[in-house]
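Structural overview
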Amino acid sequence: MIPYGKQSIDSSDLDSVLRALQSDWLTTGPQVKAFEQAFAQRTGARYAIAVCNGTAALHLAMLACGIGSGDRVYTSPNTFLASANAAAYVGAVPDFSDIDPVTYCLDPEVLEQNWLEDTRAIVAVDYAGQTAELPRLAELARSRNAFVIEDACHAIGGQFEHEKRLWPVGGHPYADVTTFSFHPVKSMTTGEGGMLVTDDREIAERARVLRNHGMTREPDEFQSLQVDGALAEQGPWYYEMHSLGYNYRITDFQSALGISQLQRLDHFLQRRREIVETYREAFAKLPHLQVPRLRNPLDQDVVAWHLFTILIDFEMLRTTRTEFMRELRESGVGSQVLYIPVHLQPWYRHMYGYGPGKCPVAESLYPQFLSLPLYPAMTDEDVMAVIENVTQLVLSHAE
Ligand SMILES: *Cc1c(COP(=O)(O)O)cnc(C)c1O
């Protein structure tokens, strides 16, 4: 069975984790710092804060940007729940604006039309690895005093072209904060894990403190509290709390895995690109099937493909997606549907009154979405098996 996604763990990963487990630090130690440094270097961001998962990174991004009750946060309906939930965690209103039919990412023009006065942030999701239209989204947000939080969980290690320059995801000026996830289905893994990167020192400091209960051991940063007699004695145990934080820490052995995975990331991305190009060519002429398209052809060699999501017109093929997936699975090929439009989820309908018709493009594409297997450990035989079985199935239904 060829799954739709899978991690790649080799002996260098095992060695790295084993060394961390045998060291004095299991958590909040030198591997966490080293992982953050390596990640900052890789993305070109000034600051990187490692956390326990991608959702925690999004939550801290909201808090560090000061998003809260009375604020509206726009995101794409075509994303994992967490991109929107993070806004709800801080008491803001998560809202949804429709996607571009080519990239399946937020459509900046539609967002401009939808924009409401109380909007304080955009969560721009880089669907499948292709970046959202960040320069345009940043222009829109900044002229209206709002933040751009880039949810780059799909785009680890990617780049995009803009004005004749290549910009690394996490290291460009069109987002205030960028968040990543290292869940095993993502392009590199730490089991569970996440990262928040930014060039803004204040956002970074807030996120770092909030990751660990809002605690700081450095009283000289906060002279104001030292006038209080009870806090006057500042021995080696000393800590202060200035904000309500969380335990969003990541362990040293996860960070050690992150470091070794990061060293293999270019290889992972190269293999993913190869598979995507092979699929694209193989499926280009199949009826009732649309392969992924790039907004900017110059991104072809630098996009960090996470998903290979095709559109299939199951109605024209006189079948259902469920039946198609079942037949595909019987031939040994897994597939997945990413994502159910978030604004149609029962909780969002109930809490905010959202429903069908709010994002017509996302709603019309959703029934056609199908993500095919894509992960670096796929052999050429696996890739051929996917191509042959999908082709056969489409052609047999198209007759
Ligand atoms: C995976 C993912 C998340 C959440 O990451 P976790 O590490 O699972 O919490 C958020 N947004 C997107 C787009 C994702 O793919």
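1. A look at the packing of helix H3 (residues 54-64) against helix H4 (residues 81-89)
Contact geometry of H3 with H4 gives a least axis separation of 9 Å together with a crossing angle of 45°. Classified by the interaxial angle, the pair formed by H3 and H4 is oblique. Handedness of the crossing formed by H3 with H4: right-handed. Residues Thr55, Leu58, His59 and Met62 of H3 touch H4, and the partners they reach there are Ala82, Ser83, Ala86, Ala87 and Tyr89. Across the contact of H3 with H4, the residue classes tally to 6 nonpolar, 3 polar and no charged.

2. Quick word on the nonpolar core
By size, the foremost hydrophobic cluster in this structure holds 69 residues, and its most contacted members are Tyr279, Phe283, Leu289, Phe308, Phe324, Leu370 and Leu372. Only strand S4 (119-125), helix H6 (134-142), helix H8 (252-283), strand S13 (308-312), helix H9 (321-330), helix H11 (360-365), strand S14 (369-372) and helix H12 (380-398) provide two or more residues apiece to this core. Counting residues per element, this core draws most heavily on H12, which supplies 6 residues. Discounting chain neighbours no more than four positions away, the residues touching Leu289 are Phe283, Ile310, Leu311, Ile312, Val390 and Val394. Counting 29 residues, the second largest nonpolar core, distinct from the first, contains Met62, Val73, Val125 and Leu210.

3. Let's talk about unusual backbone geometry
Of note, the amide linkage connecting Leu338 to Tyr339 takes the cis form, showing an omega dihedral of 5°. Even without glycine at this site, Ala128 takes up a positive phi of about 65°. You can see Ala128 is positioned in the loop between S4 and H6.

4. Considering the sheet that holds S14
Strand pairing in a sheet is mediated by backbone hydrogen bonds. Such pairs are either parallel or antiparallel. If you walk across this open sheet you meet the 3 strands as S12-S13-S14, and the pairing is antiparallel. Both edges of this open sheet fall to strand S12 (289-290) and S14, since each of them pairs with a single strand only.

5. A closer look at a nonpolar patch on the surface
A surface patch of nonpolar side chains, amounting to about 270 Å² of accessible area, comprises Leu18, Leu21 and Leu26. Secondary-structure assignment places Leu21 in helix H1 (residues 11-21).

6. Focus on the site of the ligand
Residues in close proximity to the ligand total 15 residues, the closest being Gly54, Thr55, Asp151, Ser181 and Lys186. Here an oxygen atom of the ligand and a side-chain polar atom of Thr55 are 2.5 Å apart. In this structure, His154 approaches the ligand through a side-chain N or O atom, which is 2.9 Å from an oxygen atom. For the shell around the ligand, the elements supplying multiple residues, two or more each, are H3 and H4. With 3 residues, H3 is the single largest residue contributor to the shell around the ligand. Of the residues assigned to the shell around the ligand, the class counts are 5 nonpolar, 8 polar and 2 charged.

7. Points about the sheet that holds strand S5 (residues 147-151)
Spatial ordering of the open sheet is given by S1-S9-S8-S5-S4-S2-S3, a layout of 7 strands whose pairing is mixed. The open sheet is flanked by strand S1 (47-51) and strand S3 (93-96), the only strands paired with a single partner. Geometrically, the sheet is characterised by an average inter-axis angle of 20° between neighbouring strands, direction not taken into account. Two strands pair when backbone bridges link them, and S4 and S5 are joined in this way by 5 bridges, in the parallel orientation. In the strand pairing of S5, Ala124 is matched with Glu150. Running over the sheet, helix H2 (residues 30-43) touches S1, strand S8 (177-181) and strand S9 (194-198) and is turned about 130° from S1. Most of the contacts of H6 go to S5, to which it runs at about 150°, and overall it touches S4 and S5.

8. A look at the pattern of salt bridges
Per the stated rule, a full pass over the model turns up 19 salt bridges. The closest approach of N and O atoms between Glu112 and Arg144, which form a salt bridge, is 3.4 Å. Of the two residues, Glu112 is situated in helix H5 (residues 108-114) and Arg144 in the loop between H6 and S5; the sequence distance between them amounts to 32 residues. Among the ionic pairs, Arg271 bridges to Glu274, the shortest N-O distance being 2.7 Å. Of this pair, Arg271 and Glu274 both sit in helix H8, separated by 3 residues, roughly a single helical turn. Since its relative accessible area comes to 39%, Glu274 is described here as partly exposed. Several salt bridges converge on common partners, so that one network encompasses Arg72, Asp95, Asp118 and Lys358.

9. A closer look at H3
Taking burial as the measure, the 11 residues of H3 include 9 buried ones, the bulk of the element. Regarding H3, its N-cap is Asn53, as a side-chain oxygen of that residue lies 3.0 Å from the backbone nitrogen of Thr55 further along. Once H3 finishes, Gly66 follows within two positions and takes phi at roughly 75°, a positive value.

10. Considerations on the pairing of S3
Both strand S2 (residues 72-75) and S3 contribute to a ladder of 4 bridges, which runs parallel. What sits directly across from Tyr74, in S3, is Asp95. For the crossover from S2 across H4 to S3, the handedness is right-handed.

Thresholds, definitions, all that
In every chain, residue numbers begin from 1 and rise along the written sequence. At least 70 in pLDDT is required for a residue's local features to be given in this predicted model, at least 80 for side-chain atom pairs to be given and counted, and no such filter applies to totals for whole chains, interfaces and linings, which use all residues. Water and hydrogen atoms were dropped before computing side-chain values, which therefore reflect all heavy atoms in the structure. Here an axis means a line fitted to C-alpha atoms, over the contact stretch when the element is a helix, while the angle between two N-to-C directions is reported on a 0 to 180 degree scale. Working definition: helices are DSSP H or I runs of at least four residues, strands are E runs of at least two. Numbering for both runs from the N terminus. Any angle from 65 to 115 degrees is called roughly perpendicular, while one under 35 is roughly parallel, one over 145 is roughly antiparallel, and all others are oblique. The hand of a helix crossing depends on one turn: near helix anticlockwise from the far one by less than a right angle means left-handed, and clockwise means right-handed. The contact definition used throughout considers only heavy atoms, calling two residues in contact when any of these lie within 4.5 Å. Amino acid classes used here: Ala, Val, Leu, Ile, Met, Phe, Trp, Tyr, Cys and Pro are nonpolar; Asp, Glu, Lys and Arg are charged; the rest, including Gly, are polar. Throughout, nonpolar core names a set of buried Ala, Val, Leu, Ile, Met, Phe, Trp, Tyr and Cys residues whose side chains join them through atoms within 4.5 Å. Relative accessibility thresholds used throughout: buried, under 20% of the residue-type maximum; exposed, over 50%; partly exposed, between the two (1.4 Å probe, protein chains only). Here the rule is simple: two strands pair whenever DSSP picks up at least two bridges between them. For patch building, the residue pool is restricted to those with more than 30% relative accessible area and no salt bridge; the joining distance is 9 Å between like charges and 5 Å between nonpolar side chains (Val, Leu, Ile, Met, Phe, Trp, Tyr). All accessible areas in this document rest on Shrake-Rupley with a 1.4 Å probe, and a residue is counted as covered only by the protein chains that are shown. What counts as a salt bridge is simple: a side-chain nitrogen of Lys or Arg found within 4 Å of a carboxyl oxygen of Asp or Glu. If a single non-hydrogen atom of a residue is within 4 Å of a molecule or strand, that residue counts as near it. For the purposes of these results, a polar contact is taken to be a pair of N or O atoms within 3.5 Å, where, inside protein, one atom must be able to donate a hydrogen and its partner to accept one; residues adjacent in sequence count only when each atom of the pair is a side-chain atom. Whether a crossover is right-handed comes down to one check: with the strands pointing away from the viewer, does the path from the first strand over the helix to the second run clockwise; if it does, it is right-handed.

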